[in-house]
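# Analysis of the macromolecular model
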Amino acid sequence: MLLLRTTIGRFARNYVTRATCFNPTRQFSDQTMAPTLPDISVTPAPDQHIAHDDKEYTTIKEGLAHILIPVTASKVPQTSPQGENQAQSVFYNPIQQFNRDLSVLAIKAYGEEVLEQKKQSIGKNKEKLAAKRKEKKRKRENDGLGEGARKAGKLQGDAQPAGSEILEENVENRQNADAALPLEVEKGQNGDQQDASTENPGQASLQEPSNSTAPAVGAPDTRKTNPETVSKPPSAINPSFTILDALSATGLRALRYVQEIPFTTSVTANDLLPAATKTIKMNIKHNGLDEKIEARTGNATTHMYNVAFGESKGFEDAAKPRPKYDVIDLDPYGTAVPFLDAAVQAVRDDGGLLCVTCTDAGVWASNGYPEKSFSLYGGVPIKGQHSHEGGLRLILHAIATSAARYGLAMEPLLSLSIDFYARVFVKIHKSPADVKFLAGKTMVVYNCDQGCGAWTTQMVAKNKLAKNKSGNGYFWKHVFGMAPTASEDCKHCGMKTHMAGPMYAGLLHSPAFIKRILNDLPNISKDTYQTFNRIEGMLTVALEEILPPLEEDANSPTLSSKTGRWDPAAIDPYPFFFIPSMLSKVIHCITPVENAFRGALRHLGYRVTRSHCKPGTIKTDAPWEVVWEVMREWVKQKQPIKEGAVKKNTAGYKILKLDGGKNSDAVGSIMETSNGNPSNGSTENSKLDVVFDETLGRETETKKLVRYQLNPRENWGPMNRAKG
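These lines cover the structure that appears in this document, whether it is placed above or below. (Residues numbered from 1 in each chain as written. Predicted model: local features only at pLDDT ≥ 70, side-chain atom pairs only at ≥ 80, totals over all residues. Heavy atoms only, no water.)

This part covers the overall build of the protein. Helices and strands together make up the secondary structure of the protein, namely 22 helices and 19 strands. When burial is assessed residue by residue, the protein has 47% of its 724 residues classed as buried. Of all intrachain contacts in the protein linking residues separated by at least 6 positions in sequence, the fraction that spans at least 24 positions is 67%. (Helix = DSSP H or I, 4+ residues; strand = E, 2+ residues; numbered from the N terminus. Buried < 20%, exposed > 50% of the residue type's maximum accessible area, 1.4 Å probe, protein only. Contact = heavy atoms within 4.5 Å.)

Structure follows, in structure tokens:
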């Protein structure tokens, strides 16, 4: 009996314990006690935790935008990500914050100038319309047609009813007003006018109040007493400014463009993957920007072609097509070439901006895939120290040729080689006349990549000035280029050369555009733009690397000083750069001190600067003959090489003229004597007075700048490709 009571008691205790554990009331009470995470509508803040669709997210802030990532994902991309980290390493790469910061500032600088031009154009058209109305009124008064006769509904001495003339005048005024709206009316591919004013928020609104129906003949005119028809003061001119983020991923660029460029009226954030678009919409909602950002799921190329050929927004009204974009940003994983043909047609053809990123530097800046480079960019890359500048010129060549097919000319504003990618900003103009210059500013390069590293350039065609028939002026004539101007063997070292290109031979940057960005830097916050120092340093170097021709041909009718616009005939007379350490490697000597080398060239009267592509570079207008003469003098005067260090039949042997060639110096003048001191060989045959003046070569920098970026962390780079 005692055993039975013990067993029953035990069972009862277990039952009570289990009932307590699984009590629904107790479970509900425990849940309500747990902290509740805010939802997506909460005001964004860094490192914020929110709940959305039964998932927990944390917030990353960049610029003024906030994006959400899974709470379990790493904020720093990993080399071999796993689980939710795998997708995150692609969608947000902090290494490219420099790209995004620079893009915001570049688009802002471009937009400020464009909007000012739009406002001036609208103002001029309104003045013309007002002057025309005033002239009509004056003519009526001169003809003796006062306001009283018009109000009475008939014209004295004219059988035509006054109402019909008023209607005719209103129609004419409406046509004039329409002509004064360059922002609302765009020309389509076939030249048709397309009304876009209702499709973009914030677009310029210059429409006149609608005219009421004219009164019948003889009827009293009550329109003036109607308060609805009383003339209103002119509304403020607010031109539209639209951007397409064609490959948006998380929508971070779109978010930043809306929040950091105040005059942006709308941004379209497009991505091919539905999962990405879902993320974009979530981030748009979290930032409270539903009014200004449109998220789309679809092929970026298809969307841009539809815009180029008259797609209506949402396809709801074919009579109201979507206007072309002011700015199109292409930032793909890899090459942007597949998107270029559509992009040049979908951006405004009166100076629209294309922002293009290409991360496949292994194609356009290396010697491993010349066949792929040609198939993508239409040219073969350069092998050597200057390969990254050659890659920029290949990318510009691809954009220019894509645009030229449609009578569109490309104007480079800023072209940069950054880390593992290239970023270029170009304007697109509708100008068949400017397109004619393209062949004459496209070049091939004969590159001595196996010898001394020298190069020779040659244009595919030639733009030359010719006198017009009257003999009072000049015009540009586009003719065939000459046959190869360089031998297959390098004239400096005798080694075989390889051909690179064709590639763009014009200027890489617009000095005025770079100055606009730099001038705006003091007005921005370093907390918002955390790559501020690097932006300032790189843009300063890009501005310094421009070496314009010393003299311009005053007969050129396209000079910027004459036209006030970009000169389509301008070419870069001194492309590429070299690195002194690479030259020293050819002749097996100690590398010259950088200031001493620059000082020697400046002492000879040449200009010297550096390239933004790599540290330690020298960009100069000195020809290769002078550069190698300076190197020979360096060996003679400062750092003689050891005897036998340079082998016969090598590039260095011929550069040092040890083979007894023409004008060669005595071998002893460049070799060390047995006691280790330079010999007193004669330098009478030297044609140049080379002086290694370090003071003259020292850069006079009033401000310390971060000109070249160090690796920000381990295993940084483009990370892995996104997987849908």
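So, next bit.
Generally speaking, a soluble globular protein has its nonpolar side chains buried in company with each other. Ranked by internal contacts, the top residues of the largest apolar core, which has 86 residues, are Met304, Ile328, Leu330 and Leu354. Other than its neighbours up to four places away in sequence, Leu354 contacts Ile328, Ala343, Val344, Val347, Ile399, Val424, Phe425, Val426 and Ile428. If you look at the next biggest cluster of nonpolar residues, it comprises 53 residues, including Val267, Ile280, Phe513 and Ile524. (Core = buried A, V, L, I, M, F, W, Y, C linked by side-chain atoms within 4.5 Å.)

So, about the sheet that holds strand E7 (residues 266–271). Pairing in this open sheet of 7 strands is mixed, and the strands run E8-E7-E6-E9-E10-E12-E11 from one edge to the other. Both outer strands of the open sheet, strand E8 (293–297) and strand E11 (408–418), are each paired with one neighbouring strand and no more. The sheet shows a mean angle of 15° between the axes of neighbouring strands, taken without regard to direction. (Pairing = 2+ DSSP bridges. Axes fitted to C-alpha atoms, helices over the stretch in contact; angles between N-to-C directions.)

So, on to the pattern of salt bridges. Within this structure, the stated rule accounts for 31 salt bridges. In this structure, Glu294 and Arg322 form a salt bridge, with 3.3 Å as the shortest nitrogen-oxygen distance. Note that Glu294 is positioned in strand E8 and Arg322 in the loop between helix H9 (300–308) and strand E9 (327–330), a separation of 28 residues in sequence. In this structure, Arg534 and Asp419 form a salt bridge, with 2.8 Å as the shortest nitrogen-oxygen distance. With Arg534 in helix H16 (residues 532–544) and Asp419 in the loop between E11 and strand E12 (421–430), the pair connects residues that are 115 residues apart, well separated along the chain. With relative accessibility at 10%, the residue Arg534 sits in the buried group. Taken together, the shared-partner salt bridges connect Glu62, Arg100, Asp101, Arg256 and Glu260 into one network. (Salt bridge = Lys/Arg side-chain N within 4 Å of Asp/Glu carboxyl O.)

The subject of this paragraph is helix H4 (residues 97–142). Over its 46 residues, H4 extends 67 Å from the first C-alpha to the last, a length consistent with the 68 Å expected when each residue adds 1.5 Å. Taken from the residues just after H4, Gly144 is the one with a positive phi, measuring 80°. (Expected span 1.5 Å × (residues − 1).)

Running from amino to carboxyl end, H4 crosses helix H7 (residues 252–260) at an angle of 40°, the nearest separation of the two axes being 10 Å. The angle between H4 and H7 places the two elements in the oblique class. By crossing handedness, the relation of H4 to H7 is classed as right-handed. Here Gln97, Asn99, Arg100, Asp101, Ser103, Val104, Ile107 and Lys108 of H4 lie close against H7, whose contacting residues are Leu252, Arg253, Arg256, Tyr257 and Glu260. Here the residues of the contact of H4 with H7 are counted per class, giving 4 nonpolar, 3 polar and 6 charged. (Parallel < 35°, antiparallel > 145°, perpendicular 65-115°, else oblique. Left-handed = near helix turned anticlockwise from the far one by under 90°. Nonpolar A, V, L, I, M, F, W, Y, C, P; charged D, E, K, R; others polar.)

Moving on: the sheet that holds strand E2 (residues 55–62). Strand pairing in a sheet relies on backbone hydrogen bonds, with the paired strands running either antiparallel or parallel. Pairing is antiparallel across the open sheet formed by 3 strands, whose spatial order is E1-E2-E3. In this open sheet, the two edge strands, each paired with only one partner strand, are strand E1 (49–52) and strand E3 (65–70). Each strand of the sheet is rotated relative to its neighbour by a mean of 40°, with strand direction disregarded. Docked against the sheet, H7 engages E2 and E3, running at close to 155° with respect to E3.

This part covers the pairing of E8. Direction of pairing for E7 relative to E8: parallel, over a ladder of 5 bridges. Bridging across to E8, Thr268 finds its partner in Glu294. Of the crossover connections in this fold, the one passing from E7 over helix H8 (residues 274–287) to the parallel E8 is right-handed. (Right-handed = clockwise from strand over helix to strand, strands pointing away.)

On to the packing of helix H15 (residues 511–520) against H16. The N-to-C vectors of H15 and H16 enclose an angle of 155°; their axes lie 10 Å apart at closest approach. Viewed along their axes, H15 and H16 adopt a mutual orientation that is roughly antiparallel. Every pair of crossing elements has a handedness; the one defined by H15 and H16 is left-handed. In this structure, H15 contributes Pro511, Ile514, Lys515, Ile517 and Leu518 to the contact, and H16 contributes Glu536, Leu539, Thr540, Ala542 and Leu543.

Turning our eyes to something else, we now look at the pairing of E7. For E7, the tally of buried residues reaches 6 of 6 residues, placing the bulk of the element in the interior. Residues Ser266, Thr268 and Asn270 of E7 are buried on one face, and the alternating residues Val267, Ala269 and Asp271, pointing to the opposite face, are buried as well. Taken together, the 4 bridges between strand E6 (residues 242–245) and E7 define a ladder with parallel strand orientation. Bridge pairing in E7 places Leu244 opposite Thr268.

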